[in-house]
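Topology and contacts: notes
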There are 2 protein chains.
Amino acid sequence: MSKLPTVADIEAAAQRIAGQAIRTPLLYAHALSAQLDRHIWIKPEMLQRTGSFKFRGAFNKLSQIPQAKKPNGVVAWSSGNHAQGVAAAARILGIPATIVMPKDAPKIKIKGTRSQGADIIFFDRYTEDREEIGREFAARNSATIVPSYDDPDIIAGQGTIGLEIARDLAEAGQSPDEIILPCGGGGLSSGTGLAARASFPSVDLTLVEPEDFDDFGKSLRSGERETADVTKKSLCDALLTPTPGEMTYALNRALGANGLSVSDAEVARAMGAAFRDLKLVVEPGGAVPLAALLAGKIDARSRTLVLVLSGGNVDPQLFRDLLTES
Amino acid sequence: MSKLPTVADIEAAAQRIAGQAIRTPLLYAHALSAQLDRHIWIKPEMLQRTGSFKFRGAFNKLSQIPQAKKPNGVVAWSSGNHAQGVAAAARILGIPATIVMPKDAPKIKIKGTRSQGADIIFFDRYTEDREEIGREFAARNSATIVPSYDDPDIIAGQGTIGLEIARDLAEAGQSPDEIILPCGGGGLSSGTGLAARASFPSVDLTLVEPEDFDDFGKSLRSGERETADVTKKSLCDALLTPTPGEMTYALNRALGANGLSVSDAEVARAMGAAFRDLKLVVEPGGAVPLAALLAGKIDARSRTLVLVLSGGNVDPQLFRDLLTES
């Protein structure tokens with residue numbers, strides 16, 4: 001395992017991404033706070049460049065590739081948000097990018113990746129191994145692999161969210177009881193948790209996963225890395241990782257993070273609430289913190305909450321269907 | 001006509017609303033900017049408390065009502081966004097609020113107004129005069145009338161948007177060629193224009209109205225206040241004012257603002273683009289600046305644009321239908 005990232009690494013990442021990433025706001029959710037009788041703050045990462053937080057880690061990683069290695073390009077495997085983050089960062093830095101994506105990824109994510117000029121290699125999520133395809137491509141082309149979560153630079157980049165939350169809450173004179181984060185591979189949660197804890201030493205960290213993909217929650221409870229059954233289905237295309245990363249698991253465990261999971265129906269309800277009460281387009285995987293809150297799964301003693309809504313790359317057709325049901 | 005508001009009045013309004021209104025961000029729209037080869041900045045007022053900019057003016061006005069007058073309450077007439085702004089400000093300040101609303105207002109606006117504890121008097125937009133109903137109520141109850149646009153405190157409150165745009169652009173080292181604003185009664189545009197011009201003396205100001213409700217554009221061209229035919233229909237429920245306000249017309253004329261108009265189909269397309277490329281829920285009346293831009297109606301010489309997207313209170317059913325068409 002590489003050296004785990006530190007708060008200093010996250011601060012360095014913040015310097016690197018400044019001016020390229022959007023400095024997203026921290027929004028007090030007046031309507032939801034009144035409805036639920038809590039103080040609810042939203043970190044809206046669908047407003048980030050490429051429509052999800054993933055640009056942060058990707059740009060932090062790619063901007064450190066030595067000049068001599070740039071012409072060989074980068075390769076990443078991703079369900080679509082990391083893909084767009086890597087593709088956008090690569091284009092800015094003049095690096096060729098190749099992305100290995102599942103052929104059933106949301107159209108909006110495929111289109112977004114293409115529009116950034118990246119090459120795409122499609123694979124079948126149920127029969128092929130994306131990592132094998134990616135590693136083989138990297139070896140053949142001497143390309144740099146850009147991991148989607150288990151990498152100190154990626155984690156440090158995502159961790160800039162935690163710095164921003166801490167700065168904005170301090171400015172508002174607030175201290176959070178709990179930060180609630182979507183969790184796939186754990187890059188967002190471990191980086192953000194690390195940065196936030198530096199400012200708020202006693203804040204609770206809660207990771208939310210889709211039902212049947214709660215490998216992180218299980219691992220945190222059992223004390224060893226568990227694996228989910230990836231043949232299951234979930235609305236949350238961004239969170240279908242089979243197992244926690246080594247580094248992201250070690251960090252989240254050291255931080256004492258807790259895990260819980262939500263159903264597709266709970267996710268759909270949260271997307272409708274975000275539409276009505278936040279005026280934000282949230283993709284299924286980005287909505288899981290709100291889903292957990294609305295489903296009554298967050299400890300009632302936590303009065304001041306921060307919900308990181310991590311992305312908004314959802315196809316119009318699916319969004320319409322879910323809006324009907326909610 | 002009362003005394004026209006000044007930039008100093010807008011600065012005083014900014015002090016009054018601080019801590020109550022959301023300090024909305026100014027977002028650089030990377031995807032749209034790349035697509036359209038311009039620099040596009042978005043002021044997302046759907047993220048404002050109550051889902052539209054109207055809270056700014058309402059709170060600025062209501063917070064200046066003398067203590068002795070508060071128990072008599074306030075009354076306002078509104079299609080729904082001013083209604084929610086007034087109702088929320090009234091609740092915060094402990095003032096009873098009564099709102100005269102069209103019975104065909106969007107359900108989300110009626111619900112939002114009720115949820116703030118306001119009383120609602122419904123009227124028929126085609127057969128009844130909302131102003132008469134409101135004035136009669138005010139006289140009977142000695143209530144304070146809260147105009148929706150033609151009032152110096154309302155205009156100054158909405159003008160805080162212009163101060164925020166100017167501050168955020170200056171921080172980013174940018175200067176806008178053109179600011180594009182939705183226009184109903186003209187409170188948003190006249191206040192924002194006034195504040196923005198103080199920082200950017202040569203910025204163009206463009207007001208966008210729905211087709212058939214382009215009374216402001218016509219008035220600015222003819223040099224006198226013209227009236228639209230309010231029996232027509234439009235998706236933009238927030239912008240169906242028949243004639244410019246006296247003050248808002250005088251200010252916009254002095255600022256040299258221009259008017260143009262967009263069709264319902266252009267509005268629907270813009271709402272879809274906001275969904276896909278901005279991840280923001282925009283209501284029809286809030287989307288008209290983007291509609292004008294996407295329809296090719298904005299001067300190609302304007303390279304750096306600010307679009308004020310004024311609200312996001314749209315019923316899910318309508319949003320779904322428009323997302324299908326776009």
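What counts and how
- Residues numbered from 1 in each chain as written.
- Chains lettered and ligands numbered in written order.
- Predicted model: local features only at pLDDT ≥ 70, side-chain atom pairs only at ≥ 80, totals over all residues.
- Heavy atoms only, no water.
- Contact = heavy atoms within 4.5 Å.
- Buried area = accessible area lost by both parts, 1.4 Å probe.
- Salt bridge = Lys/Arg side-chain N within 4 Å of Asp/Glu carboxyl O.
- Polar contact = N/O pair within 3.5 Å; in protein donor to acceptor, adjacent residues only side chain to side chain.
- Axes fitted to C-alpha atoms, helices over the stretch in contact; angles between N-to-C directions.
- Helix = DSSP H or I, 4+ residues; strand = E, 2+ residues; numbered from the N terminus.
- Parallel < 35°, antiparallel > 145°, perpendicular 65-115°, else oblique.
- Left-handed = near helix turned anticlockwise from the far one by under 90°.
- Buried < 20%, exposed > 50% of the residue type's maximum accessible area, 1.4 Å probe, protein only.
- Domains from an automatic or database assignment.

**Overview of the interface of chain A and chain B**
Contacts between chain A and chain B engage 26 residues on the former and 26 residues on the latter. Summed over both sides, the interface between chain A and chain B buries roughly 2,300 Å², with carbon and sulfur atoms accounting for 74% of that surface. Along the contact surface separating chain A from chain B lie zero salt bridges. For the pair chain A and chain B, the interface holds eight residue pairs in polar contact (both at pLDDT 80 or more).

**Here's the deal with the packing of helix α3 (residues 54-62) of chain A against helix α7 (residues 152-171) of chain A**
All names here are of chain A. Put simply, α3 and α7 touch, their axes get as near as 7 Å, and they point 130 degrees apart. Between α3 and α7, the crossing angle belongs to the class labelled oblique. α3 and α7 meet at a crossing whose hand is right-handed. When α3 is examined against α7, the residues Lys54, Arg56, Gly57, Ala58, Asn60 and Lys61 are found in contact with a partner set consisting of Asp153, Ile154, Ala156, Gly157, Gln158, Thr160, Ile161 and Glu164.

**As for the pattern of salt bridges**
Overall, the coordinates contain 34 salt bridges over all chains when judged by the stated rule. One salt bridge connects Lys109(B) with Glu283(B), and the closest N-O pair in it is separated by 2.7 Å. One end of the pair, Lys109(B), is in helix α5 (residues 107-115); the other, Glu283(B), is in the loop between α11 (264-278) and α12 (288-294), and 174 residues separate them in sequence. On the accessibility criterion, Glu283(B) (1% relative accessible area) is buried. Salt bridges sharing partners connect three or more residues here, namely Arg23(A), Lys43(A), Glu45(A), Arg56(A), Glu164(A) and Asp168(A).

**Here we look at the domain arrangement of chain A**
Residue and element names in this part refer to chain A. Looking at the assigned domains, one finds that chain A contains domain 1 (7-53 + 151-325) and domain 2 (55-145). Averaged C-alpha coordinates put domain 1 and domain 2 at centres separated by 23 Å. Counting residues at the interface gives 33 residues for domain 1 and 23 residues for domain 2. Regarding the contact of domain 1 and domain 2, the summed buried area is about 2,300 Å², with carbon and sulfur atoms giving 50% of it. Looking at the side of domain 1 facing domain 2, the largest losses of area belong to Arg16, Thr50 and Asp315, adding up to 23% of the total buried there. Applying the counting criterion to the domain 1 and domain 2 interface returns six salt bridges. A salt bridge links Asp237 to Lys109; the shortest N-O distance between them is 2.5 Å. Counting across the domain 1 and domain 2 interface gives 19 residue pairs in polar contact (both at pLDDT 80 or more). Among the secondary structure elements, those contributing two or more residues to the side of domain 1 that touches domain 2 are α1 (7-17) and α7.

**Comments concerning unusual backbone geometry**
At Lys279(A), a residue that is not glycine, the phi angle is positive and equals roughly 65 degrees. Position of Lys279(A) among the secondary structure elements: in the loop between α11 (264-278) and α12 (288-294). Here the phi dihedral of Thr50(B) falls at roughly 75 degrees; this positive angle occurs in a residue that is not glycine. Inspection of the secondary structure puts Thr50(B) in the loop between β2 (39-44) and α3 (54-62). Taking relative accessible area as the criterion, Thr50(B) reaches 15% and is therefore assigned buried.

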